[in-house]
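This is what each chain is made of:
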Amino acid sequence: MTLEQRLAVCRERVDPALERFLPADGEVPTRLVAAMRHALSGGKRLRPFLCMEAARAFGLRPETVLPTACGLEMLHCATLVHDDMPCVDDSDLRHGRAACHVEFDEATALLAGDALIIGAFECLTRQAEEPDIAPERVLRCVRELAEYTGVRGLVVGEALDIETEGRPCTESELEFIHLNKTAKLIICSSRSGAVLAGAPDDQLARLSEYAEALGLLFQITDDLLDVDGDTASTGKPVGADAAAGKATYPGLLGLAAARERAELFGARALQSAKGLPNREVWEALVEFVVKRRH
Ligand code: FPP
Ligand code: MG
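Scope of this entry: the structure provided in the associated data block.

For the rest of this paragraph, the subject is the overall build of the protein. Looking only at helices and strands, the protein has 15 helices and two strands in total. The C-alpha radius of gyration of the protein comes to 18 Å, within 12% of the 19 Å expected for a compact globule of 294 residues. Along the longest, intermediate and shortest principal axes, the C-alpha atoms of the protein span 50 × 50 × 35 Å. Scored against the burial criterion, the 294 residues of the protein give a buried share of 50%. Considering only contacts in the protein between residues 6 or more positions apart, those separated by 24 or more positions represent 75%. Within the protein, the 47 negative side-chain charges are centred at a point lying 4 Å from the centre of the 33 positive side-chain charges.

Attention now moves to the environment of Val-9. Relative to the assigned elements, Val-9 resides in helix α1 (residues 3-21). Relative accessible area serves as the criterion here: at 26%, Val-9 is assigned to the partly exposed category. C-alpha of Val-9 to C-alpha of Ala-39: the two residues are 30 residues apart in sequence and 21 Å apart in space.

With that settled, the discussion passes to the coordination of the magnesium ion (ligand 2). On the protein side, the magnesium ion (ligand 2) has Asp-83 (OD) and Asp-89 (OD) as donor atoms, found 2.1 Å from it. Its relative accessible area of 15% is what places Asp-83 among the buried residues.

As for its position among the elements, Ala-69 is in helix α4 (residues 66-84). Measuring from C-alpha to C-alpha, the distance between Ala-69 and Ser-192 comes to 8.4 Å, with 123 residues separating the pair along the chain.

Under the defined criterion, the tally for this structure stands at one aromatic pair. When the centroid spacing of 5.5 Å and the interplanar angle of 65° are considered together, the rings of Tyr-210 and Trp-282 count as edge-to-face. Residue Tyr-210 is located in helix α10 (residues 201-228), and its partner Trp-282 is located in helix α15 (residues 279-291); the two are separated by 72 residues in the primary sequence. Assessed through its relative accessible area of 0%, Tyr-210 is described here as buried. A relative accessible area of 1% means that Trp-282 is categorised as buried. The ring of Phe-218 has Arg-47 sitting right over it, with the charged end atom 5.6 Å from the ring centre.

Moving on, we come to the site of ligand 1. Surveying the vicinity of ligand 1 reveals 15 residues, the closest of which are Asp-83, Asp-89, Arg-94, Lys-181 and Lys-236. Measuring from an oxygen atom of ligand 1, one finds a side-chain N or O atom of Lys-181 at 2.7 Å. Lys-236 is positioned with one of its side-chain polar atoms (N or O) 2.6 Å from an oxygen atom of ligand 1. Within the complex, the protein chains bury 86% of what would otherwise be the 630 Å² of accessible surface of ligand 1. Only α4, α8 (154-163), α9 (171-196) and α10 provide two or more residues apiece to the shell around ligand 1. Counting residues per element, the shell around ligand 1 draws most heavily on α4, at four residues. A breakdown of the residues in the shell around ligand 1 according to their chemical character gives four nonpolar, four polar and seven charged.

What counts, and at which threshold
Residues numbered from 1 in each chain as written. Chains lettered and ligands numbered in written order. Predicted model: local features only at pLDDT ≥ 70, side-chain atom pairs only at ≥ 80, totals over all residues. Heavy atoms only, no water. Helix = DSSP H or I, 4+ residues; strand = E, 2+ residues; numbered from the N terminus. Rg over C-alpha atoms; globule rule 2.2 N^0.38 Å. Buried < 20%, exposed > 50% of the residue type's maximum accessible area, 1.4 Å probe, protein only. Contact = heavy atoms within 4.5 Å. Lys, Arg positive; Asp, Glu negative; His and termini not counted. Charge placed at Lys NZ, Arg CZ, Asp CG, Glu CD. Donors = N, O, S within 2.8 Å, 3.2 Å for Na, K, Ca; no water. Phe/Tyr/Trp six-rings, centres within 6.5 Å; stacked < 30°, edge-to-face > 60°. Lys NZ or Arg CZ within 6 Å of the ring centre and 35° of its normal. Near = heavy atom within 4 Å. Polar contact = N/O pair within 3.5 Å; in protein donor to acceptor, adjacent residues only side chain to side chain. Areas by Shrake-Rupley, 256 points an atom, 1.4 Å probe, with all protein chains shown as cover. Nonpolar A, V, L, I, M, F, W, Y, C, P; charged D, E, K, R; others polar.

Rendered as structure tokens:
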């Protein structure tokens, strides 16, 4: 199976499960739920995939960790809703469709994002209903999601992404931004599946190294696509980073050096993948991220 086919299989499992976590028809005002559904549709399901593949690699059936996989996707989608809002990146287009605040309105988008963040933690705790998984492992995943995405993680990365707009930024500041705003949720997603499966600490550390490199590679390729991609493939505006004065590798180092940096992170991820079970999936993911056009 190619990685695209594996991602498609993951989507077939995750999308109905996400739908089950949303309120049923008529339970709450539909506009809010419609905005949440809009926010949840259209992504690659990379974070659920990482969680489910890590679970598989360490001996669990991937379906077992579906609640956690759904929670990770909810949190990711919430970040994109808030990221696109006028007070943050002010972007009208996401996944080839109107951004949530454009399709609905700013207040509804803000609240849909809020509900998805809280829903993410609800999903993670519901993992405890799975009889095969020890509650301590679930609790560890909840704590890690808060740590990797809170004030020492994704949110601080985004705060610095905004603070550095329009001013010179050092390479170490840029790596800090990418590590936090992007790589930390990718690390957390991979670790969650492995934690639930009871992976030993040395393997968790190796998986974290792998996912950190993959996450940094993912954000550089995102920034490269903002320069040399096209809206038809990426489903979002091109040239937005330069227009907003965002700190990016292409902006800081130039295109050629940014591509070299991407290769370096790709090589680092491949090196870490060598010591992981189901190595071929982790390797295929690196190739997928390097070649992605969306
Ligand atoms: C996309 O990056 C955005 C992120 C990686 C993170 C955004 C985070 C927030 C808005 C903080 C909100 C936090 C929570 C927990 C909801 P990008 O803007 O470089 O990429 P893009 O081209 O896809 O917009
Ligand atoms: Mg953005």
